[in-house]
Amino acid sequence: MEAAMAEGVKLCCAACGQMNRVPAARLAAGPKCGVCGAALADGRVLELDATAHDKAVRGDDLPLLVDYWAAWCGPCRMMAPEFAKAAKAAAPALRFGKLDTEAHQAVAQRAGIRGIPALILYHRGREVARLAGARPAAEILAFVRSHVAVPSA
């Protein structure tokens, strides 16, 4: 498995849904989607729709932390800048995404979301851990690092 990771890492483009294989050594160089040119691992939070969510959860080789949120949720809005700060700090070894539970209720139901904000960490097609409630960036990063190997900033 380590040899496969050295060759390339599969990443789903949140913009077009295309799966991309990126050389692991080039992750820090800001790889872009081969189809639409969108950034794949630049430290920004990915806006996920249902299709991109499902493809990234099942197909990404990098750990993916998804924030299940809604625009009407005060704690969700309060945590958004902290989530973005954590995403920047963890890039390119980890990707962060957001899924609007109002717009994508079926996905939220499938994921078993009972309250928001809810963070679920996925790695290689399976759920690794979940965390409920708004958190500062340091707690988000500590949560992720307690479950998957992510280099410190």
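Right above here is the structure, for reference.
Let me begin by describing the structure that accompanies this report. Note that this is a predicted model, so its numbers are computed, not measured.

Our next topic: the pattern of salt bridges. Side chains that differ in sign of charge can pair as their charged atoms come close. In total, this model carries 7 salt bridges according to the counting rule given. The partner of Glu 139 in a salt bridge is Arg 135, with the nearest N and O atoms 3.3 Å apart. What makes Glu 139 partly exposed here is its relative accessible area of 39%. Judged by relative accessible area, which is 26%, Arg 135 ranks as partly exposed.

The next thing to look at is the environment of Leu 64. As for its placement among the helices and strands, Leu 64 is situated in strand β4 (residues 64-69). On the accessibility criterion, Leu 64 (1% relative accessible area) is buried. For the pair formed by Leu 64 and Ala 93, sequence separation is 29 residues and the distance between their alpha carbons is 9.5 Å. In this structure, Leu 64 is in contact with Ala 56, Val 57, Leu 94, Arg 95, Phe 96, Gly 97, Ile 120, Leu 121 and Tyr 122, ignoring residues within four places of it in sequence.

Running from N to C, helix α3 (residues 74-90) and helix α5 (residues 137-145) cross one another at 50 degrees; their axes reach a closest spacing of 8 Å. It follows from the interaxial angle that α3 and α5 lie oblique. Every pair of crossing elements has a handedness; the one defined by α3 and α5 is right-handed. Residues Met 79, Glu 82, Phe 83, Lys 85, Ala 86, Ala 89 and Ala 90 of α3 pack against Ala 137, Ile 140 and Leu 141 of α5.

What counts and what doesn't
- Residues numbered from 1 in each chain as written.
- Predicted model: local features only at pLDDT ≥ 70, side-chain atom pairs only at ≥ 80, totals over all residues.
- Heavy atoms only, no water.
- Salt bridge = Lys/Arg side-chain N within 4 Å of Asp/Glu carboxyl O.
- Buried < 20%, exposed > 50% of the residue type's maximum accessible area, 1.4 Å probe, protein only.
- Helix = DSSP H or I, 4+ residues; strand = E, 2+ residues; numbered from the N terminus.
- Contact = heavy atoms within 4.5 Å.
- Axes fitted to C-alpha atoms, helices over the stretch in contact; angles between N-to-C directions.
- Parallel < 35°, antiparallel > 145°, perpendicular 65-115°, else oblique.
- Left-handed = near helix turned anticlockwise from the far one by under 90°.

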